Structure formats: C-alpha cells, structure tokens
Amino acid sequence: MNPRHLVIALAFNVLLLTQALADAPIIIKFSHVVARDTPKGKAAERFKELAEATTKGRVKIELYPNSTLYKDKEELEALQLGAVQMLAPSLAKFAPLGVKEFELFDLPYIFPDKAALDRVTDGPIGRDLLKKLESKGILGLAYWDNGFKMMSSNRPMHVPADMKGLKMRIQASKVLDEQMRVLGANPQVMAFSEVYQALQTGVVDGAENPPSNLYTQKMYEVQKHLTVTNHGYIGYAVIVNKKFWDKLPAEIRTQLDGAMKEASKYADAIAQQENDVALEAVKKSGKTLIYTPTDKEKAEWRKALLPVQKTMEDRIGKALIESVNKEAAR
Ligand code: LMR
C-alpha cells in the first residue's frame, strides 16, 4: 500500500475505535453478599433497572449477589482498588476501614423502632458518617434498610443466661464482640458466606440475623431455635469508589443519584415485609422453633445488653452515642 493510503487507513481505524469507546456503556460492577431474594438483593435489582433506564443504556450495572465475586472483607478492598465500583456492606463492616463510628448501629437496643432509625440515617448524624468515608476514597450514596436481628442456635434461648458458652458467629464489629461477651457467649468473626457451613459443621453454635438473611441462606435448616430478640439492627450503606464516581459525566451522576433515591425508597418500603415473610417461611419449614420472649424476659435481655452502650463509649464516642439516643427518643 502506498504510504499515504496507509496513513489514511490508520487514521480511519483510530476514529472508529474512538467512536466505539465513546459508545461503549459505562460498566458499574455492584457486588454484595446476600441472596437476590432479600431487601438488599431486590433493591440492587431495582437500582439496576432504574439506572439503566434513566441513562438510556449508557450505564450498565452488573450485579454480583451472594458473594459470587467477593466476600465481606475482600469486597471493601476491591472497591478501594477499583476492581468493583459499588457495594452495599452492612454498617457493621465499616470499622475495619478505620471508621469505627459506624459501629453505633450495632449497639443493642439503640433504635426503639424504625422511625428512630430513619431520623438518624436521614439527618445530620447519618450524613456526617457518610462524609467520613471520603478520606478512604469512598463515597456514601444512601442507606438501605434490612431489619432487626434475632438470635439462633441449636438450644433454646429464652433468657440471656441461655447464651452462656455458645460459640456465636458475628460480623467484624467490636460492639458485636462485646455484646456476645456480656452474654457469656464466645464471639467468632466470620464472613457471611461461610456461616451456613460453619453452623452445619458445628464450627459455631449460632448466629444473629434478621429473618430475611437466616431464611435465604438456609440457616434455618441447621438451627433448631430462633428467639425473636430484635436486640440490634442490620442496615447498609450503598457506597462507590470516589475516583470512579467523580470522573463520571455530571449528567450521568445526576441520573444515577435519582435512580439511587428511588431504589432507596423501595428498599425501605419492602424491608419489613420481606422479613415478616421470611419469618413466616421459617415457621412453616418446621425445622426451627421460634420463641417470642415474654415481657419479663424481654426486660432481662435489655438489662443484660444495654450496658454495652456505656462500655463502647470510648470506641464510638460518648457524644455521638448521646446524640443518637436523643434523636431516637424524640
Ligand atoms: C452479615 O454478615 O451477617 C450481614 O452483614 C450480611 C448482609 O449483608 O446482610
């Protein structure tokens, strides 16, 4: 080929390639550890639908549920390295990043009800907490609900004393560690994806979960007893790699923000119902006996666990715990 034609052909190819790159969708890999059929799993799917529709396909959300891509600790590292762009870890999992204030959400009985929780996450306390992630290269986009946790194991747990000596799986949170210790149980930190097998093989005796997680991970098959303690909360922060987000075209960011707002409303609207349905399904399975403590027993659980709020003041901050309690009591 004559050199002039060669240059023209090359230039043409570069043009085609540039155009193809410009037309290629922006891929957002969204990894999480729970089943699709949970409040978080369903909200992630809703976000995908909304985001792809509002950006008219310029953004493609690839969902990786059930730890198919990464387990708990790995996914946070992967986000910081840019191997995935979006996650929704439970709030109990942020302390290992160096933001231990998030462990306030693990404090037993800190939220008397969902309305109290919403006042905290929707208000300045929730906003300030998300801000703290920025120095870690992470941007917090939203809070998503799951629900209140219940204790499960292979022996009846009517009162706190029944927890003595049980090996209990916990998330990597010092508050949860302390919570199990004051009950006389032995806490064991473990990735969510490993809990079913650990329960099945007796590596641990029990766990604490909202019913949606217990049911969808089939833990009820290997746990004979579940007590409706509702002693603590599990919810999520949807987070993105900040560098990735900041580089997106402004218009796309606005569209994704809108999709996230809608998906978050949906998440909060379905969470309670998903947990109610899951608890009913566990009951129907006949494999796990569900026990609801009497008022007197509930008071015993509270009395045993409330001191954790005090013990954890040094770690989380006395003023922060006080402001959450104040907000909760409004
Ligand atoms: C757990 O590890 O128990 C939960 O954080 C799982 C989840 O994401 O709901």
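For the structure, check the block above.
A few points on the structure. Bear in mind that the values here come from a model prediction, so they are computed numbers and not experimental data.

What counts, and at which threshold
- Residues numbered from 1 in each chain as written.
- Predicted model: local features only at pLDDT ≥ 70, side-chain atom pairs only at ≥ 80, totals over all residues.
- Heavy atoms only, no water.
- Helix = DSSP H or I, 4+ residues; strand = E, 2+ residues; numbered from the N terminus.
- Buried < 20%, exposed > 50% of the residue type's maximum accessible area, 1.4 Å probe, protein only.
- Contact = heavy atoms within 4.5 Å.
- Areas by Shrake-Rupley, 256 points an atom, 1.4 Å probe, with all protein chains shown as cover.
- Lys, Arg positive; Asp, Glu negative; His and termini not counted.
- Charge placed at Lys NZ, Arg CZ, Asp CG, Glu CD.
- Phe/Tyr/Trp six-rings, centres within 6.5 Å; stacked < 30°, edge-to-face > 60°.
- Lys NZ or Arg CZ within 6 Å of the ring centre and 35° of its normal.
- Pairing = 2+ DSSP bridges.
- Axes fitted to C-alpha atoms, helices over the stretch in contact; angles between N-to-C directions.
- Arc of directions from axis to C-beta.
- Right-handed = clockwise from strand over helix to strand, strands pointing away.

**Things to note about the overall build of the protein chain**
- Summing up its helical and strand segments, the protein chain has 14 helices and 11 strands in all.
- For the protein chain, the C-alpha atoms occupy an extent of roughly 90 × 45 × 30 Å along the three principal directions.
- In the protein chain, which comprises 330 residues, the proportion classed as buried is 48%.
- Once local pairs closer than 6 in sequence are excluded, the contacts in the protein chain between residues at least 24 apart make up 76%.
- Accessible area for the protein chain stands at about 15600 Å²; split by element, carbon and sulfur atoms hold 55% of it.
- Treating the 47 positive side-chain charges of the protein chain as one cloud and the 41 negative ones as another, the clouds have centres 2 Å apart.

**Points about the packing of aromatic side chains**
- Evaluated as defined, the whole model comprises seven aromatic pairs.
- Measuring from ring centre to ring centre gives 6.1 Å for F105 and Y143, while their planes differ by 45°; the resulting arrangement is tilted. Separated by 38 residues along the polypeptide, F105 in the loop between strand 3 (86-87) and helix 4 (114-122) and Y143 in strand 4 (residues 138-148) bring together distant segments of the chain. Each member of the pair F105 and Y143 is classed as buried.
- If you follow R46 out to its NZ or CZ, it ends over the ring of Y266, 4.0 Å from the centre.

**Some words on the sheet that holds strand 7 (residues 186-189)**
- With mixed pairing, six strands are arranged side by side in an open sheet as 7-6-8-5-9-11. The sheet is open, and its two edges are formed by strand 7 and strand 11 (289-291), each paired on a single side. On average, each strand axis in the sheet is tilted by 25° relative to the strand beside it, whichever way the strands run.
- Bridging between strand 5 (residues 150-153) and strand 9 (residues 225-227) involves three bridges; their strand directions are antiparallel. Its bridge partner being in strand 9, S153 is matched across the sheet by H225.
- The strands touched by helix 6 (residues 174-182) within the sheet are strand 5, strand 6 (167-170), strand 7 and strand 8 (206-209), with strand 6 carrying the most contacts at an inclination of about 160°.

**Comments concerning helix 11 (residues 295-305)**
- Within the span of helix 11, buried status applies to E297, W301 and L305. Viewed along the axis of helix 11, the buried residues span an arc of 65°, placing them on a single side of the element. Among the exposed residues of helix 11, those pointing more than 90 degrees away from its buried face are D295, K296 and K303.
- If you follow the buried residues of helix 11, they end up packed against strand 5, helix 6, strand 11 and helix 12 (307-311).

**Structural notes on the pairing of strand 1 (residues 26-31)**
- Pairing geometry for strand 1 and strand 2 (residues 59-64), over six bridges, is parallel. Each residue of the ladder has a partner; that of I26, found in strand 2, is V59.
- Each parallel crossover has a hand, and the one from strand 1 via helix 2 (residues 39-54) to strand 2 is right-handed.

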